[in-house]
Amino acid sequence: MTSYAHCRKERLYAGAFGFALVLLTAGAMGVAFSGAGSVVLGTEVNANGSVEYLCLGRSCENMQAMDW
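Owing to the predicted nature of the structure, the values given are computational and were not obtained by experimental measurement.

J.: Can you walk me through the overall build of the chain in this structure?
T.: From N to C terminus, the chain includes one helix and two strands. Along its sequence from the N terminus, the chain presents helices and strands in the succession α-β-β. Taking all 68 residues of the chain together, the buried fraction comes to 4%. Here the analysis covers contacts within the chain between residues at least 6 apart in sequence; of these, 9% occur between residues at least 24 apart. Surface exposure of the chain reaches about 5700 Å², of which carbon and sulfur atoms provide 65%.

J.: How should the pairing of strand β1 (residues 38–45) be read in this particular structure?
T.: Within a regular strand, side chains alternate between the sheet's two faces. Relative to strand β2 (residues 51–57), β1 runs antiparallel, the two being bridged by seven bridges. When the sheet's bridge partners are listed, V40 is paired in β2 with C55. Counting the residues between successive antiparallel strands, the hairpin from β1 to β2 contains five residues, one of them, G49, with a positive phi of roughly 95°.

J.: Whenever I open this one, the confidence of the model for the chain confuses me. Can you help?
T.: Predicted coordinates in regions of low pLDDT should not be interpreted in detail. On average, residues of the chain carry a pLDDT of 82, and 88% of them reach 70 or more. By mean pLDDT, the top-scoring element of the chain is helix α1 (residues 3–35) (92), and the lowest-scoring one is β2 (78).

J.: Hey, could you run me through a nonpolar patch on the surface in this one?
T.: A cluster of nonpolar side chains, F33, V39, L41, L54 and L56, forms an exposed patch at the surface whose accessible area comes to about 460 Å². Taken together, the elements giving at least two residues each to the nonpolar patch come down to β1 and β2. Looking at the secondary structure, you find F33 in helix α1.

J.: Just to check I follow, could you spell out the environment of S50 for this structure?
T.: Assignment of secondary structure puts S50 in the loop between β1 and β2. Leaving out residues up to four positions away in the same chain, S50 has contacts with E44 and V45.

The rules behind these values
- Residues numbered from 1 in each chain as written.
- Predicted model: local features only at pLDDT ≥ 70, side-chain atom pairs only at ≥ 80, totals over all residues.
- Heavy atoms only, no water.
- Helix = DSSP H or I, 4+ residues; strand = E, 2+ residues; numbered from the N terminus.
- Buried < 20%, exposed > 50% of the residue type's maximum accessible area, 1.4 Å probe, protein only.
- Contact = heavy atoms within 4.5 Å.
- Areas by Shrake-Rupley, 256 points an atom, 1.4 Å probe, with all protein chains shown as cover.
- Pairing = 2+ DSSP bridges.
- pLDDT = per-residue confidence, 0-100.
- Patch = residues over 30% accessible without salt bridge, like charges linked within 9 Å, V, L, I, M, F, W, Y side chains within 5 Å.
- Salt bridge = Lys/Arg side-chain N within 4 Å of Asp/Glu carboxyl O.

Here's what the structure looks like:
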């Protein structure tokens with residue numbers, strides 16, 4: 001096996017390993033995001049006393065409507 005072929009094979013394995021790590025990380029983030037309900041990033045109190053929520057995730061429609 002020549003040096004070029006060995007280097008090419010090594011780069012292929014490294015690329016496949018890096019791609020697998022990216023897929024694993026994306027999958028873990030997807031599972032964590034789907035398991036979490038809603039995350040409130042911030043709130044704002046209006047002049048009339050009502051509260052607006054800046055919500056991220058699922059089931060945000062159950063919060064009060066945001067009218068910006």
